[in-house]
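# A look at the structure
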Amino acid sequence: MADIIYTKVDEAPELASASFLPIIRSFTKAAGLSVGTKDISLAGRILANFPEYLTDDQKQPDDLAELGALVKQPDANVIKLPNISASQPQLNAAIKELQAQGYKLPDYPYEPKTDEEKTVKAKYEAIKGSAVNPVLREGNSDRRAPKAVKEYAKKNPHRMGEWLPSSKTHVATMGEHDFRANEKSVTIPAASAGKAKIEFVAGDGSVTALKTGWLLEEGDVVDGTFMSVKALNAFLENQIQDAKDQGVLFSLHMKATMMKVSDPIIFGHCVKTFLKDVFDKHAATLAELGANPDLGIGDLEAKVATLPAGKAAEIQADIKAAMADGPAMYMVNSDKGITNLHVSSDVIIDASMPALIRAGGKGWGPDGNEADTKCVIPDSSYAGVYSAVIDFCRENGALDPARMGTVPNVGLMAQKAEEYGSHPQTFKAPADGTIRIVDASGNTLIEHGVQEGDIWRACLTKDAPIRDWVKLGVTRARLSGMPGIFWLDRTRAHDAELIKKVEAYLPEHDTSGLDLQIMAPTEAARYTTERIAKGLDTISITGNVLRDYLTDLYPILEVGTSAKMLSIVPLMNGGGLFETGAGGSAPKHVQQLIEENYLRWDSLGEFCALGASLEHLANAKDNAKAAVLAETLDTAVEKLLDNGKSPSRKVGGLDNRGSHFYIALYWARALSEQDKDAELKAHFTPIAEALATNEDAIVSELNGVQGSPVDLGGYYHAPQDKVSTAMRPSATLNGVIG
Ligand SMILES: NC(=O)C1=CN([C@@H]2O[C@H](COP(=O)(O)OP(=O)(O)OC[C@H]3O[C@@H](n4cnc5c(N)ncnc54)[C@H](OP(=O)(O)O)[C@@H]3O)[C@@H](O)[C@H]2O)C=CC1
Ligand SMILES: O=C(O)CCC(=O)C(=O)O
Ligand SMILES: [Mg+2]
């Protein structure tokens, strides 16, 4: 096995890899280290799952399964770039592209009838949404802004929108009849351990098993809860009306990718409520078309366009009228008319809410102008965190990146902890009745009365990950000297169980002199935000959802983007998983590259992850050369930041490829200047010289291609040679690196 595994992903980070990976390979090879790759891209995962539809030379191994096994081994060292967590429309588009390339894959069967179709659907379901992270994250999460990045941001603060006391921007949440309100939680006693089941009991007493063989072990925390769709729809109706009355934009913030079962349904209710008149008036036609509101307005428009012209025009006019009649909508792309409700994966809460807060509480409206916005976050479990930060900014003005403190996160995430592992236990109630969790001995652990359509789910948080998370929290507090806050709410069912464990496990560690507190999320957000405004640092020690939210929220406010974060997953069995940044795969960056051959993706996250991976390798395998590579890369990153060689946003500047040239130059130079390893010094001295001498030529070769469109030959599965040609346009650089 290779010393380090680098992942092949999608979109912007994959384009960046085509340029950066050859540099990594060239540098590590000199130290006798090998870097392998594993394909976890959406297209790769589709191909790996359907060998029976492919010719022999089209087949590819199931790299995700291999990686999933690897992360449980002590010698795992994986650099994981962000991959697409596909929504249904993205999955469909990827299948279509692969079919057009000659892969005879089946379509996604919405209503499977035969056994074959049922198998196909089940396979595609497993590929959809956040299907990679839960498999690889066999450890908890340690995310923070590297010191050099934070210092750089303080010296070169990014632009922050102005927050005015008159801002009408606010969060709207249900607060009752939602997941937070209905939650029940138990810690599994020895007597309940074993294979549990989840059952639906109908009004007539008949019992249907929704899930069987669900293994619960002593000490695990199990929650059950549901969202009432009747209450949800009433809430959405009120909020749509209220946005109109207040004259603010209407926006909905969900995590339909990671919460791939529950959140598309909530999204669909919002689509249907917003276009209520259309769905009522054209119910029969839309049903015949197979229009599914969960797929968004984009899919609806595409389906309507297939109707005979007269009928299509009528419905299109009604959609337009319904949109005009409602409040102005928060837009994904106002030039192209893409609304918040077009595709459920376009507005993802962890990135969308911080971007809005960074912009002074403004969203983009249909007229292309910024405006105050109502942010609808139906479930109230975590909505208060955003309210607290918004209230703080309204009262105190925008935070100042030149002076603010930092908020690293220690996140409970191992073994599919909490909500993000709940998909296999999420169900739409088939009718009015009861849904219950029954333990191995037949005792009911949790039950809820539900109405048809209600969204019921159960989450599982294993004991060992909780214990490891508490330990990681203490370790980070000790190493950083910062106070640590456990964001847990004594009045919430799940959190109350977790608090018992935190209080039991903390005494296992030396916490003398540490400031560790437990606070409910809304209170913790207020406290932490007040502290950063004063330049003070605070570790957030949180569950899985808040880990996701906060590792975008604070970095986006502090350093402009979460792409610059160091994101380490110390694997529970001793290996290391090094994620890059916290943000995603930035689809709009690909658009820019295709249109004007300019990639503004910043690979700082990859640089940091590579440094951490090399450092881990140095320690785990006692490899001195890896240690030298890690130290010198660190120096190179500092230099890159100091000299302003990160990608800029627009054509004419240095882009992603240019920044890779500079990291190579500074890394080679640092290696040539160190004296710990004579071999590396000798090897890299002429390389540093060649790169320095040819700086002007290389930069002009790299920048010379900018400005005109580029054909990648595919979006989800672009041919490697085309991507490589596009991403490595400097023959001079390729010569030196090669
Ligand atoms: N760990 C993972 O595998 C993750 C995967 N995803 C997936 O990524 C996709 C897009 O998600 P989305 O929520 O839009 O989030 P993104 O982080 O992709 O996009 C939000 C914005 O963040 C900025 N950004 C992110 N990364 C970089 C970078 N390296 N360099 C420069 N700017 C960056 C860009 O802002 P600007 O244009 O203002 O510069 C970008 O438009 C989805 O498919 C999602 O599921 C998302 C999160 C994590
Ligand atoms: O797995 C995903 O879909 C997204 C993950 C994510 O946003 C995160 O971990 O920060
Ligand atoms: Mg995230």
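Residues numbered from 1 in each chain as written. Chains lettered and ligands numbered in written order. Predicted model: local features only at pLDDT ≥ 70, side-chain atom pairs only at ≥ 80, totals over all residues. Heavy atoms only, no water.

### Focus on the state of the cysteines
Definition in use: Disulfides are defined in this document as cysteine sulfur pairs within 2.5 Å.
All told, the structure shown has 0 disulfides when counted by the stated rule. Cysteine 393 carries a free sulfur, and the closest cysteine sulfur to it, the one in cysteine 375, is 12 Å from it.

### Topic: the coordination of the magnesium ion (ligand 3)
Using the following cut-off: Each metal's donors are the N, O and S atoms found within 2.8 Å of it, except that Na, K and Ca use a 3.2 Å limit; water is left out, so coordination can look incomplete. Here a strand is any run of E in DSSP of at least two residues, a helix any run of H or I of at least four, and the numbering for each starts at the N terminus.
Within the protein, Asp350 (OD) and Asp548 (OD) serve as the donor atoms for the magnesium ion (ligand 3), at 2.0 to 2.1 Å. Remark: aspartate 548 occurs in helix H20 (residues 544-559) and aspartate 350 occurs in helix H15 (residues 349-358); sequence separation between them is 198 residues.

### Details of the confidence of the model for the chain
Low pLDDT marks stretches whose predicted atomic positions should not be read closely. Put simply, the rule is: Residue-level confidence of the predictor is what pLDDT reports, using numbers from 0 through 100.
Chain-level pLDDT for the chain is 97 on average; 100% of the residues reach the 70-or-more range. With a pTM of 0.96, the predicted complex shows an ipTM of 0.96.

### Topic: the site of ligand 2
To keep it simple, the criterion reads: Summary of the distance rule: residues count as near a molecule or strand when at least one heavy atom falls within 4 Å of that molecule or strand. Whenever two N or O atoms come within 3.5 Å, that pair is a polar contact, provided that in protein one can donate a hydrogen and the other can accept it, and provided that, for residues adjacent in sequence, both atoms are side-chain atoms. Note on areas: Shrake-Rupley with a 1.4 Å probe; residue coverage comes only from the protein chains shown. Nonpolar residues are Ala, Val, Leu, Ile, Met, Phe, Trp, Tyr, Cys and Pro. Charged residues are Asp, Glu, Lys and Arg, and all others, Gly as well, are polar.
As a structural note, the neighbourhood of ligand 2 is formed by Ser85, Ser130, Asn133, Arg137, Arg143, Lys255, Met258, Asp350, Arg547, Asp548 and Ala582. Separating an oxygen atom of ligand 2 from a side-chain N or O atom of lysine 255 is a distance of 2.9 Å. A distance of 2.8 Å is found between an oxygen atom of ligand 2 and a side-chain nitrogen or oxygen belonging to aspartate 548. Considered on its own, ligand 2 offers 290 Å² of accessible surface; in the complex 90% of this is hidden by protein. Class assignment for the residues of the shell around ligand 2 results in 2 nonpolar, 3 polar and 6 charged.

### Topic: the nonpolar core
Soluble, globular proteins show a tendency: their nonpolar side chains are buried together. Rules: In these notes, a set of buried Ala, Val, Leu, Ile, Met, Phe, Trp, Tyr and Cys residues joined through side-chain atoms within 4.5 Å is what counts as a nonpolar core. Think of it in three bands: residues with accessible area under 20% of the maximum for their type are buried, residues over 50% are exposed, and the middle band is partly exposed, with areas taken using a 1.4 Å probe on protein chains only. Here, two residues are considered to be in contact whenever any of their heavy atoms come within 4.5 Å of each other.
Grouped together as the largest cluster of nonpolar side chains are 72 residues, with contacts concentrated most on Phe27, Leu614, Phe661, Trp667 and Leu691. In this view, leucine 614 contacts Ile4, Thr28, Leu33, Ala626, Leu629, Ala630, Leu633 and Trp667; residues no more than four positions away in its chain are not counted. Counting 40 residues, the second largest nonpolar core, distinct from the first, contains Met160, Leu356, Ile357 and Ala388.

### Quick notes on the sheet that holds strand E20 (residues 484-487)
What links the strands of a sheet is backbone hydrogen bonding, and the strands pair in either a parallel or an antiparallel sense. Basically, it comes down to this: Strand pairing requires that DSSP identify at least two bridges connecting the strands. Inter-axis angles, ranging from 0 to 180 degrees, are taken between N-to-C directions of lines fitted to C-alpha atoms, where helices are fitted over the stretch in contact.
With respect to topology, 10 strands assemble into an open sheet ordered E2-E1-E3-E24-E23-E4-E15-E22-E20-E21, the strand pairing being mixed. A single partner strand is all that each edge strand has here, and the edge strands are strand E2 (35-39) and strand E21 (516-519). Between one strand and the next, the sheet's axes are offset by a mean angle of 20 degrees, whatever the strand orientation. Two strands pair when backbone bridges link them, and E20 and strand E22 (residues 539-542) are joined in this way by 3 bridges, in the parallel orientation. Within E22, the position partnered with glycine 484 by the bridge is isoleucine 539.

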